[in-house]
Amino acid sequence: QVQLVESGGSLVQPGGSLRLSCAASGFTFSSYTMSWYRQAPGKERELVATIPSAGGRTIYTDSVKGRFTISRDNAKKTVYLQMNSLKPEDTAVYYCHVQILFRQYWGQGTQVTVSS
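Treat the numbers as computed from the prediction; the structure is a model and nothing was measured.

1. A short note on the packing of aromatic side chains
Phase 1 of the analysis: Per the counting criterion, the structure on display carries four aromatic pairs.
Phase 2 of the analysis: When the centroid spacing of 6.3 Å and the interplanar angle of 50 degrees are considered together, the rings of F27 and F29 count as tilted. Residues F27 and F29 agree in their burial class; the two are buried.
Phase 3 of the analysis: Ring geometry for Y95 and W106: centres 6.4 Å apart, planes at 90 degrees, overall edge-to-face. With Y95 in strand 9 (residues 92-100) and W106 in strand 10 (residues 103-106), this pair connects stretches of sequence that are eleven residues apart.
Phase 4 of the analysis: Y95 sits in the buried class, given a relative accessible area of 13%.
Phase 5 of the analysis: A connected cluster of aromatic rings, assembled from ring pairs, spans F27, F29 and Y32.
Phase 6 of the analysis: When the ring centre of W106 is taken as reference, the NZ or CZ atom of R45 above it lies at 4.5 Å.
Phase 7 of the analysis: Over the ring of F29 we find R72, and its NZ or CZ is 4.4 Å from the ring centre.

2. A few points about the environment of S17
Phase 1 of the analysis: As for its position among the elements, S17 is in the loop between strand 2 (11-12) and strand 3 (18-25).
Phase 2 of the analysis: Separated by 70 residues in the primary sequence, S17 and K87 place their C-alpha atoms 9.8 Å from one another.
Phase 3 of the analysis: When sequence neighbours within four positions are dropped, the list of residues in contact with S17 reads V12, Q82, M83, N84, S85 and L86.
Phase 4 of the analysis: Within polar-contact distance, the side chain of S17 engages the side chain of N84 at 2.9 Å.

About the criteria used
Residues numbered from 1 in each chain as written. Predicted model: local features only at pLDDT ≥ 70, side-chain atom pairs only at ≥ 80, totals over all residues. Heavy atoms only, no water. Phe/Tyr/Trp six-rings, centres within 6.5 Å; stacked < 30°, edge-to-face > 60°. Buried < 20%, exposed > 50% of the residue type's maximum accessible area, 1.4 Å probe, protein only. Helix = DSSP H or I, 4+ residues; strand = E, 2+ residues; numbered from the N terminus. Lys NZ or Arg CZ within 6 Å of the ring centre and 35° of its normal. Contact = heavy atoms within 4.5 Å. Polar contact = N/O pair within 3.5 Å; in protein donor to acceptor, adjacent residues only side chain to side chain.

Structure below.
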């Protein structure tokens, strides 16, 4: 079965950095676009970044452009989110996502808290 397991979330000070990882299993990882979403308290889940199956052109929401970088290692079946210059408004639960055919799959999420 499809499994997505996120890790790397933590409490960090404003201006700091974190790298999130998402280990995937149960599907042909290298064939699918992978994404990171986030959900802050009281807000809807939003798309943060997307990377195509073979890497290449990535897409970011405007609020993280220039600060976050999505990447993937198809050999390790892992997608990453490098987050730099973190701001308090980046505080959220971050989720890994894949859509296979018409079904969406999510990880359990990892908490990122940006606070002094």
